Amino acid sequence: MSADVTIVTGMGPGLGQGHVQRMASLLSRLRDAQGLDVMMVIHPRVGEVPSEAHRHERREVGETRLILRDMRDSTEEQVSVLRSIAPVCVIDDRGTGRELADHVLDILPHPDPPGVKAVAGSFIYGCNFLQSLKSLDGRIVKKSVDFVVYAGAVPDDAGAEKLLSLLPVGASWYLLGRGAPLFRDGRGEVEPARAGYAEMLLSSRVAVTHFGLFLYEASVSGCGVVAVNPTAYHSGLADCISHKKDLTNLGVFGDLDDTSATEKLRSALERASISEVDGGETTRRVQESIDRCADLVAAML
């Protein structure tokens, strides 16, 4: 059966979960708001696939009017193979295949090459984040927790403990990305987190994470952001947006100066001035941002 749009993406080591998360959001909006038949091919496929993506998943690219490729940098061969099936749009792609693509959609900034700019006012947030936001039913959320720490990019549990050890003494926090989320209150008691994903972000003052989807979701949730990155590549991307957001880039995880990092984390917490976040307004902003990207894709057909 022919599709209007087929999304080609992947998840697992080296790619993370963010590509599939944001493509599941785009798939949902293209289907619901644009009335398009959209399918998704996921390879590699390591981890839990969002239900929205799983329902419309194919093993391979079939007959389609447009292919969206969201897998970072492409080769000429990869894009040529896809173009033998249908016109191709590459997303946030700085590979050699970019020049062969029929369409290019740049959403994220990039340090190289210079002059390539993100589409103004658009970003594709993850489907889990959007669904969690909607479950808040427009509730106002108080900023009551000092830090939310995403440790999915550190090498192991010891790396997560290292991140937590850098936080100011007595800080409250959520920990995500190392199994079930945890919560530590100001008294030092650690227990399973009871809040949903979006509520954890909206209720936190500062987010500690690497450059990726979580960083943007934390920012739109009113968090100050401190970036600790797995590679120099991610650190360079964080530098690209540090002037636009309340973002402090600590550089690469393996090169951290512990004393300096703790001081910068303390400073970020002191600067955090937002006391509450409107869940309904945040949901609206996130949905409109995704809609702008969906409109750009629909116009390619």
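In what follows, the structure referred to is the one given above.
About the thresholds
Residues numbered from 1 in each chain as written. Predicted model: local features only at pLDDT ≥ 70, side-chain atom pairs only at ≥ 80, totals over all residues. Heavy atoms only, no water. Buried < 20%, exposed > 50% of the residue type's maximum accessible area, 1.4 Å probe, protein only. Helix = DSSP H or I, 4+ residues; strand = E, 2+ residues; numbered from the N terminus. Pairing = 2+ DSSP bridges. Right-handed = clockwise from strand over helix to strand, strands pointing away. Axes fitted to C-alpha atoms, helices over the stretch in contact; angles between N-to-C directions. Contact = heavy atoms within 4.5 Å. 1 Å grid on protein atoms, 1.4 Å probe; cavity = no way out; pocket = protein on both sides within 12 Å on 5 of 7 lines; lining within 4 Å. Points joined across faces, edges and corners; volume = space filled by probe spheres on them. Nonpolar A, V, L, I, M, F, W, Y, C, P; charged D, E, K, R; others polar.

## Section: the pairing of strand β8 (residues 145–150)
Argument step 1. When you tally the buried positions in β8, you get 5 out of 6 residues, the bulk of the element.
Argument step 2. Direction of pairing for β8 relative to strand β12 (residues 204–209): parallel, over a ladder of 4 bridges. Counterpart to Phe147 in the pairing with β12 is Val206.
Argument step 3. Taken together, β8, helix α5 (residues 157–165) and strand β9 (residues 173–176) form a β-α-β motif whose crossover is right-handed.

## As for the pairing of strand β4 (residues 64–70)
Argument step 1. A large share of β4 lies buried, amounting to 6 of its 7 residues.
Argument step 2. By the bridge criterion, 6 bridges tie strand β1 (residues 3–11) to β4 in an arrangement that is parallel. Paired with Val5 across the bridge in β4 is Leu66.
Argument step 3. Pairing of β4 with strand β5 (residues 88–91) involves 3 bridges; the strand directions are parallel. Across the sheet, Leu68 pairs through a bridge with Cys89, a residue of β5.

## Some remarks on the sheet that holds β8
Argument step 1. Spatially, the 7 strands line up as an open sheet ordered β11-β10-β9-β8-β12-β13-β14, and their pairing is mixed. On the outer flanks of this sheet lie β11 (190–192) and β14 (247–252), each paired with one strand and no other. Across the sheet, the mean angle separating the axes of adjacent strands is 20° when strand polarity is ignored.
Argument step 2. With 4 bridges joining them, β12 and strand β13 (residues 224–229) adopt parallel strand pairing. Bridging across to β13, Val206 finds its partner in Gly224.
Argument step 3. Lying over the sheet, helix α7 (residues 213–220) contacts β8, β9, β12, β13 and β14, oriented at roughly 165° with respect to β12.
Argument step 4. This element, helix α8 (residues 232–241), spans β13 and β14 of the sheet and lies at about 160° to β14.

## Focus on empty space enclosed by the protein
One water molecule sets the probe size; rolling that probe over the atoms shows where empty space is left.
Argument step 1. Inspection of the entire model under this criterion finds 1 cavity of 30 Å³ or more.
Argument step 2. In this structure, the largest cavity encloses a volume near 60 Å³.
Argument step 3. For the largest cavity, the full set of lining residues is Tyr150, Ala153, Val154, Leu163, Val208, Thr209, His210, Val228, Asn229, Pro230 and Phe253.
Argument step 4. Mapped onto the lining of the largest cavity, the elements with two or more residues apiece are β12 and β13.
Argument step 5. In the lining of the largest cavity, the residues fall into 8 nonpolar, 3 polar and no charged.

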